[in-house]
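Coordinate analysis (summary)
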Amino acid sequence: MNAKSVSPAAPKTSTEYAIYKPNGRGNGGVIRFELNRAKAAVFVDAATQSGEKQFDWEQKITMKWGLNDLGAVLATLQGRQEQAKLFHQSEKANSAFELTYRDDPQKAPFFMSMSRQEGTSKNVRKVSIPITHAEAAILETALRAAITRVLGW
């Protein structure tokens, strides 16, 4: 076999994990987590449902998480604390993320929400979704791996 004809494995282009929660009422949402190695951060995007299985990515909310943010969310996913609240402030807007553990067998064990308040108009956009144990386990594993990569270990 000619060595030049062997192509290397294609680099993985997407390093994201998204939790989609559309619903029949049309007020569902999606929250997506993406590792950005170049910026040593995880970018979190949230979008509201805009159709049956469509989401309004044009009006998405975005937060950039560093190590402290990742640690706070992981501590909640691991049961070390009941809630993680992140707040990022900039000249343009204020963004918030909240992850809460709910000890109610009738509801999903975690509830996640992201919001953004525009600085000039004070208009608030919010996306809230329930998180299952399975989704929480995947997210915990992904965030642990992200911390390893952000630290360069």
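A brief report on the enclosed structure follows. (Residues numbered from 1 in each chain as written. Predicted model: local features only at pLDDT ≥ 70, side-chain atom pairs only at ≥ 80, totals over all residues. Heavy atoms only, no water.)

The next thing to look at is the pairing of strand S8 (residues 124–131). Burial along S8 is one-sided: the face carrying Arg 125, Val 127, Ile 129 and Ile 131 is buried and the face carrying Val 124, Lys 126, Ser 128 and Pro 130 is not. Direction of pairing for strand S7 (residues 110–118) relative to S8: antiparallel, over a ladder of eight bridges. By the bridge assignment for S8, Phe 111 is matched with Pro 130. Connecting S7 to the antiparallel partner S8 that follows it, the hairpin turn spans five residues, and Lys 122 within it adopts a positive phi of roughly 65°. (Buried < 20%, exposed > 50% of the residue type's maximum accessible area, 1.4 Å probe, protein only. Helix = DSSP H or I, 4+ residues; strand = E, 2+ residues; numbered from the N terminus. Pairing = 2+ DSSP bridges.)

What follows concerns the nonpolar core. Phe 33, Trp 65, Val 73, Phe 97 and Met 112 are the most contacted members of the largest nonpolar core, which has 31 residues in total. Excluding its chain neighbours within four sequence positions, the residues that come into contact with Phe 97 are Met 63, Trp 65, Val 73, Ala 84, Lys 85, Leu 86, Met 112, Ser 113 and Met 114. (Core = buried A, V, L, I, M, F, W, Y, C linked by side-chain atoms within 4.5 Å. Contact = heavy atoms within 4.5 Å.)

All told, the structure shown has five salt bridges when counted by the stated rule. Among the salt bridges present, the one from Arg 116 reaches Glu 118, with a minimum N-O distance of 2.9 Å. Salt-bridge contacts for Glu 118 lead to Arg 125; the nearest nitrogen and oxygen are separated by 2.9 Å. With respect to burial, Glu 118 and Arg 125 carry one shared label: buried. Shared partners join several salt bridges into a network, and the residues in it are Arg 32, Asp 45 and Lys 60. (Salt bridge = Lys/Arg side-chain N within 4 Å of Asp/Glu carboxyl O.)

Here helix H2 (residues 133–151) is 19 residues long and its end C-alpha atoms lie 27 Å apart, about the 27 Å a rise of 1.5 Å per residue gives. Restricting attention to buried positions, one finds in H2 the residues Glu 135, Ala 136, Leu 139, Leu 143, Ala 146, Ile 147 and Val 150. On an axial view of H2, the arc spanned by its buried residues comes to 105°, and they lie on one face. Seen from the buried face of H2, the exposed residues on the opposite side, beyond 90 degrees, are His 133, Ala 134 and Thr 141. One or two residues past the end of H2 sits Gly 152, with phi positive at roughly 80°. (Expected span 1.5 Å × (residues − 1). Arc of directions from axis to C-beta.)

Reading across the sheet, the four strands line up as S5-S6-S7-S8 and stay open at both edges, with antiparallel pairing between neighbours. Sheet topology places strand S5 (83–89) and S8 at the edges, where each strand pairs with a single neighbour. Strand-to-strand twist across the sheet, computed as the mean angle between neighbouring axes with direction ignored, equals 10°. With seven bridges connecting them, S5 and strand S6 (residues 93–101) associate as antiparallel partners. (Axes fitted to C-alpha atoms, helices over the stretch in contact; angles between N-to-C directions.)

This part covers the environment of Asn 23. Within the fold, Asn 23 resides in the loop between strand S1 (16–21) and strand S2 (29–36). Its relative accessible area of 23% is what places Asn 23 among the partly exposed residues. Residues Asn 23 and Gly 51, spaced 28 residues apart in sequence, show a C-alpha to C-alpha distance of 9.5 Å. There is a polar contact of 2.8 Å between the side chain of Asn 23 and the backbone nitrogen of Gly 26. One polar contact links Asn 23 to Asn 27, side chain to side chain, over a distance of 2.7 Å. (Polar contact = N/O pair within 3.5 Å; in protein donor to acceptor, adjacent residues only side chain to side chain.)

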